[in-house]
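# Structure at a glance
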Amino acid sequence: MTKAIWWIRRDIRLQDNPALDAGLQNAAEIIPLFILDPALIKSPNTSKSRLFFLYQGLEQLQKDLSSSGSRLVIRSGNPTRVLSEIQQESGASTIFAEADFSPYARRRDNAVNAELPLVLTGGSSFSHPEAVLKTDGTPYTVYTPYMRTWKSIHDLESIRLIPEPKRIPTPMDIASDPVPLYDIPGAKLTAFPAGETETRRRLEHFTSSSDAPIFTYAEQRNRMDLDGTSQLSPYLHFGMLSSRIAIKAAHEAISRATDDQSRQGAETWLNELIWRDFYIAILYHFPHVLNHSFRSEYKHIPWQNSQVDYLAWCEGNTGYPIVDAAMQQLIKTGWMHNQARMITASFLVKDLLVDWRWGERWFMQHLVDGDLASNNGGWQWTAGTGTDAAPYFRIFNPILQGKKYDPDGDYIRTWLPQLMDVPEKFIHTPWKMPEKVQAETGCRIGEHYPFPIIDHAFARQRTLDAYKSVR
């Protein structure tokens, strides 16, 4: 009886899984295998929140597999060694896995393929990084022309999802480690239950009804005080939701839109999903971006790199409420609103003049949806050092950003309870409160909440001078 290993990586799902489907088409029995790779699990850049979410997701997958007559096999160690052991124990003839495109994933898969029969199927992105290229065969480095080509080569109407298999024949004699305990100190993920059931519920809520949030996404996605985003990024990162399912849902929402406003909302979300493909392609073609600025002229920016300023940013003690609220959201939940990510990144890099790599690392160490390609792309975009980046002179004013995207201060009060009673007039500039108001609100600046650690006007000019010096 032919057997195959389904090597699960970032595809923790049964629906629309090309690696699982390929295994079922080519073997009589499937061994679902997840390898706890020390290079990833024990990396200093792996957040506790992501591990919590991963382990919870594996437990849910184990239950889903059991319902289909299968079981999850878990092993720890070097992937080549573990796969070789499983192949010898089971007699499996082939290993099927979904392609992954990070530098480490490609090195790992090349090492496995050199010794074992590995077959890679459709990957974690909708498009393979080699699929969307300029007419001369070179990769795009600007999003808009990439997006136009992406749309021109894909017929979204013809997307056919792979149904979840009703039964997965699996040998029951392969030894397995238990699912790791996900009671991880410091990991707080009450907002993100893992698993396919929750994924489908969220996707349906965001896209399916006539008044679904996707139709107001263009208007509300940047409002930090509103629930206007999908919050599907953790599920996309671990493949509990395939990019094909998400893009098909976006396309169907576009086709159901009843007016220009709702159509723009759905199209904007589709474009955000294409951004994900774009950053995966950038990392694939230009792996040096993980450690270096994509734009060579910005490799030698004279960063200040003050440890005191950096720690104040990390802890949400900068004295700028919109920045501090966002950093508290990250610390307390392992997630941060996307507009908040841009505001906090701009503040670190262009107000405090701290190297973008410091912030990129901090985000990866805390985000439940921390994705190597998207996180790097976002930080370099904000810093002005990356592909299709914001111009170096684009420097967010944290006060104006707060007033625009949290006009009543609801987001700030949620994450900074010490400012709960601060009047709306002062919620974005609490240091301007008269002494009497500070006493009335129980929030004395310098005691209950810090003064701003830097003057924005001074910081802006300092950054402009620093960037100009290397241009």
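Here the structure is a predicted model, which is why all the values come from computation and not from measurement. (Residues numbered from 1 in each chain as written. Predicted model: local features only at pLDDT ≥ 70, side-chain atom pairs only at ≥ 80, totals over all residues. Heavy atoms only, no water.)

This brings us to the pattern of salt bridges. A complete count under the given rule lists 21 salt bridges for this structure. The salt bridge involving Arg 10 is made with Asp 371; its shortest N-O contact spans 3.0 Å. Separated by 361 residues along the polypeptide, Arg 10 in the loop between strand S1 (3-8) and helix H1 (18-26) and Asp 371 in the loop between helix H15 (356-364) and helix H16 (372-383) bring together distant segments of the chain. Linking Arg 108 and Asp 109 is a salt bridge whose minimum nitrogen-to-oxygen distance equals 3.0 Å. Within this structure, Arg 9, Arg 108 and Asp 109 form a network of salt bridges that share partners. (Salt bridge = Lys/Arg side-chain N within 4 Å of Asp/Glu carboxyl O. Helix = DSSP H or I, 4+ residues; strand = E, 2+ residues; numbered from the N terminus.)

Turning our attention to the nonpolar core. Formed by 133 residues in total, the largest nonpolar core has its most connected members in Trp 150, Trp 269 and Trp 313. Once residues within four sequence positions are removed from consideration, Trp 313 is found in contact with Thr 318, Val 323, Met 327, Thr 344, Phe 347, Leu 348, Leu 352, Gly 359, Trp 362, Phe 363 and Trp 379. By size, the runner-up hydrophobic cluster in this structure holds 16 residues, among which are Val 82, Ile 86, Ala 92 and Leu 118. (Core = buried A, V, L, I, M, F, W, Y, C linked by side-chain atoms within 4.5 Å. Buried < 20%, exposed > 50% of the residue type's maximum accessible area, 1.4 Å probe, protein only. Contact = heavy atoms within 4.5 Å.)

This brings us to the packing of aromatic side chains. The full count for this structure, using the stated rule, is 28 aromatic pairs. Both rings, one in Phe 53 and one in Tyr 235, keep their centres 5.2 Å apart while their planes meet at 80 degrees; by these two values the pair is edge-to-face. Of this pair, Phe 53 sits in helix H3 (residues 48-67) while Tyr 235 is found in helix H9 (residues 233-237), placing the two residues 182 residues apart along the sequence. For the residue pair Phe 53 and Tyr 235, the accessibility class agrees, reading buried in each case. Taking the centre distance of 5.3 Å and the plane angle of 40 degrees together, the rings of Trp 275 and Tyr 279 count as tilted. Here Trp 275 and its partner Tyr 279 are both found in helix H11 (residues 260-285), four residues apart, which amounts to about one turn of the helix. The class for Tyr 279 is buried, based on a relative accessible area of 9%. The structure contains a cluster of three or more aromatic residues connected by ring pairs, namely Tyr 140, Tyr 143, Tyr 146, Trp 275, Phe 278 and Tyr 279. Taking NZ or CZ as reference, Arg 9 lies 4.3 Å from the ring centre of Trp 7, over its face. Of note, Arg 106 hangs over the ring of Tyr 284, and the distance from its end group to the ring centre comes to 3.8 Å. (Phe/Tyr/Trp six-rings, centres within 6.5 Å; stacked < 30°, edge-to-face > 60°. Lys NZ or Arg CZ within 6 Å of the ring centre and 35° of its normal.)

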